[in-house]
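In case you want the letters, here they are:
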Amino acid sequence: MSNVAIDLNGVTKSFGNKVIVNELSFTVASGECFGLLGPNGAGKSTIARMVLGMTRPDAGKITVLGVPVPARARLAREGIGVVPQFDNLDLEFTVRENLLVFGRYFGMSTRKIKAVIPSLLEFARLESKADARVAELSGGMKRRLTLARALINDPLLLVMDEPTTGLDPHARHLIWERLRFLLARGKTIILTTHFMEEAERLCDRLCVLEHGRNIAEGSPHALIDEHIGCQVIEIFGGNPQELSSLIRPYVQRIEVSGETLFCYAPDPEQVRVQLHGRAGLRLLERPPNLEDVFLRLTGREMEK
Amino acid sequence: MGEDFAAALPANAWNWIAVWRRNYLSWKKIALASMLGNLADPLIYLFGLGTGLGMMVGRVEDASYVAFLAAGMVATSAMTASTFETIYAAYPRMHHQRIWEAILYTQLTLGDIVLGELAWAATKGFLAGTAIAIVAAVVGYAAWPSLLYVLPAIALTGFAFASLAMVVTALAPSYHYFVFYQSLVLTPMLFLSGAVFPVTQLSGPFQQAAHFLPLAHSIDLIRPEMLDRPAGGIALHIGALCLYAVLPFFLSMVLLRRRLMR
């Protein structure tokens, strides 16, 4: 097996005259967690479908696990596990039956599937729910079952489309912990998310998407250093326009988003001094994160 | 494009079995209710029409009316059961429940899924038709040995109608459209195909049209066997049903690929 799990080269896809994915290129190395970060409508799910060979690109080349996709997608899929954005578990069946039925789609014998089910249930922390119907499971449990289902063929690569969207924080942390466990065992993961925290915690590298275009790529830390590189002060309350003209000389850059002022300040103390004594202002100083990178790159209400 | 279509066809001769087994596992949980539901309708027609109307019309084509009707009901129940399985069960699996989408994550192709669904719907048609045939044999409207020849014809009927219904499934934007297929295609077919009265009662053009209807071919295979008459044109009838099983399969593949894999 080569050390490249996924290679996209100049991939373009349109529906009608709407360009969804625009000359996109990236490479995912074996064993890494690669994130596609972008808002809704940035083309993330379409990219996931193209990697699986379920949608053919209009132009460009895709190679997954060493085989061309979609031409030989069936072969590629033997080594892929999928966690889709919307649960598509089989509601008529129990947890155990879902795994059994899905294993058969991979051509596994009943005996072989039954042999791996206990370890999958343990992995998904669903041992006590083995004979519960899917309809009785909570949202987090369904996601974990979907994850267990994706592992039935012992895949090299996991394709996950918004794996924790719609989950409560506890359930989300459990999924993240399970994913890190899989990464430690050498699995490759490509995941789409609009969750900055998820991308920051899990991904070795990520690609920031806007309108199907790759607008930045790198490790979360490198992206933060490159695009922000200093402390962030969020200021709420007060008139954003007035405040920004007051502190502009003391900061690197200011962005206004709604009622909040984001100041990228190499020297936060200077800003505090300027605002000292003003009533009704709340200041929050924090390290920069991917959200800042994203706001910066997609240029929402940005002031120079 | 052609290459893509080839890749969506069944990958081998056995992948579809996994889909069939999924549906079988699901059906096993409600088998009794499902069988009763499938049986009740044709049996009510058979004995309701057969005895009531039978007294008025007397003998038809040299058989009692109930015996004549029994063969029609065998074919009709196979048609109905396999059609309904495809439009009311396979359709939600494809559409709302996204079960087909989950299957497409595996090494199965769209063709494997469609073939598995057709085989399952044909199985349900086979069960429904066979149950009526057995009832007919029990009450003496058919000779037991004739069932040996009738059963394969029932299975083929199930396949042909599953395949036709798959085209409707591939096209339907929602459940509401299935009623058109039922009332504008299946119900007229019932009356044009000789299920409840002989085709010879129809006027010329309708008789001509009947030659093209799959249900007519199915009845022409089943009825002579059940009434112990010499059958004619067996190869033609089998050939026609095979065409109705195979051609809509490919058409539905084209339509479903466009719907699911754009």
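It should be emphasised that the depicted structure is a prediction, and the values quoted were computed from it without experimental measurement.

Colleague: Just checking my understanding: could you explain the UniProt feature "transmembrane region" (unreviewed entry) in chain B for this structure?
Modeller: All names here are of chain B. In the numbering used here, UniProt assigns the "transmembrane region" (unreviewed entry) feature to residues 30–53, 65–91, 125–144, 150–171, 178–197 and 234–256. The span residues 30–53 shows a helical share of 96% and a strand share of 0%, and its end C-alpha atoms are spaced 34 Å apart. Helix makes up 70% of residues 125–144 and strand 0%, with an end-to-end C-alpha separation of 20 Å.

Colleague: So what exactly am I meant to see when it comes to the interface of chain A and chain B here?
Modeller: Think of interface size as the accessible area that goes away when the parts come together; that is how it is often given. At the interface, 20 residues of chain A touch 22 residues of chain B. Going through the elements one at a time, helix 2 (73–77) and helix 3 (95–105) of chain A are the ones with two or more residues in the side of chain A that touches chain B. Per-element accounting of the side of chain A that touches chain B gives the leading share, four residues, to helix 3 of chain A. For the side of chain A that touches chain B, the residue count by class is nine nonpolar, three polar and eight charged.

Colleague: Even after reading the chapter, I still don't get the UniProt feature "domain: ABC transmembrane type-2" (unreviewed entry) in chain B, so can you show me in this structure?
Modeller: The sites that carry the UniProt feature "domain: ABC transmembrane type-2" (unreviewed entry) are, in the present numbering, residues 33–259 of chain B. As annotated, residues 33–259 of chain B has a helix share of 77% and a strand share of 2%, and its two end C-alpha atoms lie 33 Å apart.

Colleague: Where do I start with the sheet that holds strand 5 (residues 67–69) of chain A in this structure?
Modeller: Note: strands within a sheet are paired through backbone hydrogen bonds, in either parallel or antiparallel orientation. Residues and elements named next belong to chain A. Pairing is antiparallel across the open sheet formed by four strands, whose spatial order is 2-1-4-5. Edge positions in the open sheet fall to strand 2 (18–29) and strand 5, since each of these has one partner strand only. Sheet twist, expressed as the mean angle between neighbouring strand axes with direction ignored, is 25°. As defined by bridge partners, strand 1 (residues 4–15) adjoins strand 4 (residues 59–64) across five bridges and the pair is classed as antiparallel.

Colleague: Honestly, the confidence of the model for chain B in this entry has me stumped. Any pointers?
Modeller: Regions with low pLDDT carry predicted coordinates that are not meant to be interpreted in detail. All names here are of chain B. When pLDDT is averaged across chain B, the result is 92; 100% of the residues are at 70 or more. At the level of individual helices and strands, chain B shows its lowest average pLDDT in helix 1 (residues 2–8), which scores 83, and its highest in helix 7 (residues 147–171), which scores 97. Both confidence scores are given for the complex: pTM 0.91, ipTM 0.91.

Colleague: In this structure, what is going on with the packing of helix 3 of chain A against helix 2 (residues 16–28) of chain B? I would like to understand it.
Modeller: Axis angle and axis distance: for two packed helices, these are the angle between their axes and the distance between the axes, and together they describe the pair. It is the contact of helix 3 of chain A with helix 2 of chain B, at a shortest axis distance of 8 Å, that shows an interaxial angle of 160°. Between helix 3 of chain A and helix 2 of chain B, the interaxial angle falls into the category roughly antiparallel. Between helix 3 of chain A and helix 2 of chain B lies a crossing of right-handed hand. Where helix 3 of chain A abuts helix 2 of chain B, its residues A:Glu97, A:Val101, A:Arg104 and A:Tyr105 lie against B:Ala18, B:Arg21, B:Arg22 and B:Leu25.

Colleague: Explain the sheet that holds strand 7 (residues 157–161) of chain A to me, please; I cannot follow it from the model alone.
Modeller: Residues and elements named next belong to chain A. The six strands lie next to each other as 6-7-8-3-9-10, forming an open sheet whose pairing is mixed. The open sheet has two free edges, formed respectively by strand 6 (80–83) and strand 10 (213–218), since each of these has just one partner strand. Ignoring which end each strand starts from, the neighbouring axes of this sheet average 15° apart. Packing against the sheet, helix 11 (residues 290–298) makes contact with strand 3 (33–37), strand 9 (205–210) and strand 10, and its axis sits at approximately 35° to strand 9.

Colleague: Would you take a moment to explain the UniProt feature "domain: ABC transporter" (unreviewed entry) in chain A for this structure?
Modeller: Those places that UniProt annotates as "domain: ABC transporter" (unreviewed entry) correspond, in this numbering, to residues 6–236 of chain A. A helix fraction of 35% and a strand fraction of 30% characterise residues 6–236 of chain A, whose end C-alpha atoms lie 43 Å from each other.

Colleague: Before we go on, may I ask you to explain the environment of B:Met166 in this structure?
Modeller: All names here are of chain B. Note on placement: Met166 falls in helix 7. For Met166, a count of 28 C-beta atoms within 10 Å gives the class buried. For the pair Met166 and Tyr91, spaced 75 residues apart in sequence, the C-alpha to C-alpha distance is 8.4 Å. Leaving out residues up to four positions away in the same chain, Met166 has contacts with Thr86, Val114, Leu118, Pro248, Phe249 and Ser252.

Colleague: How do you make sense of unusual backbone geometry when you look at a structure like this?
Modeller: Trans peptide bonds make up most of the peptide bonds, and negative phi angles are found at most residues other than glycine. Along the chain, A:Val69 connects to A:Pro70 via a cis peptide bond; the corresponding omega equals 10°. Assignment of secondary structure puts A:Pro70 in the loop between strand 5 and helix 2. Positive phi outside glycine occurs at A:Leu65, with the angle close to 50°. Along the chain, the position of A:Leu65 falls in the loop between strand 4 and strand 5. In the Ramachandran plot, B:Asp62 falls in the positive-phi region, its phi being about 65° despite a non-glycine side chain. Mapped onto the fold, B:Asp62 is located in the loop between strand 1 (59–60) and strand 2 (63–64).

Colleague: Just checking my understanding: could you explain helix 6 (residues 110–138) of chain B for this structure?
Modeller: Spacing of three or four residues puts side chains on the same side of an α-helix, whose turn is 3.6 residues. If you check helix 6 of chain B, its first and last C-alpha atoms are 42 Å apart, about what 29 residues at 1.5 Å a residue would give, namely 42 Å. Most of helix 6 of chain B is tucked away: 23 of the 29 residues are buried.

Colleague: Looking at this model, I keep getting lost on the packing of helix 7 of chain B against helix 11 (residues 234–260) of chain B. Mind explaining?
Modeller: All names here are of chain B. Two elements in contact, helix 7 and helix 11, have axes separated by 8 Å at closest approach and are oriented at 25°. In terms of orientation, helix 7 lies roughly parallel with respect to helix 11. Judged by the sense of rotation from one axis to the other, the crossing of helix 7 with helix 11 is left-handed. Contacts from Leu156, Thr157, Phe159, Ala160, Ser163, Leu164, Met166, Val167, Ala170 and Leu171 in helix 7 reach Ile238, Leu241, Tyr244, Ala245, Pro248, Phe249, Leu251, Ser252, Leu255, Leu256 and Arg259 in helix 11. The class makeup of the residues in the contact of helix 7 with helix 11 is 17 nonpolar, three polar and one charged.

Colleague: When you look at the pairing of strand 9 of chain A in this model, what are you seeing that I'm missing?
Modeller: Two faces, one strand: in a regular strand the side chains alternate between the faces of the sheet. Residues and elements named next belong to chain A. Here strand 3 pairs with strand 9 via four bridges, running parallel. Its bridge partner lying in strand 9, Leu36 is registered against Cys207. Pairing geometry for strand 9 and strand 10, over five bridges, is antiparallel. Opposite Cys207, over in strand 10, you have Glu217 as the bridge partner. Where strand 9 hands over to strand 10, the hairpin turn is made up of two residues, of which His211 adopts a positive phi near 50°.

Criteria and thresholds
Residues numbered from 1 in each chain as written. Chains lettered and ligands numbered in written order. Predicted model: local features only at pLDDT ≥ 70, side-chain atom pairs only at ≥ 80, totals over all residues. UniProt positions renumbered as here; feature names shortened; annotations may be inferred. Helix = DSSP H or I, 4+ residues; strand = E, 2+ residues; numbered from the N terminus. Contact = placed C-beta atoms within 7 Å. Nonpolar A, V, L, I, M, F, W, Y, C, P; charged D, E, K, R; others polar. Pairing = 2+ DSSP bridges. Axes fitted to C-alpha atoms, helices over the stretch in contact; angles between N-to-C directions. pLDDT = per-residue confidence, 0-100. Parallel < 35°, antiparallel > 145°, perpendicular 65-115°, else oblique. Left-handed = near helix turned anticlockwise from the far one by under 90°. Buried ≥ 20, exposed ≤ 12 C-beta atoms within 10 Å, placed from the backbone. Expected span 1.5 Å × (residues − 1).

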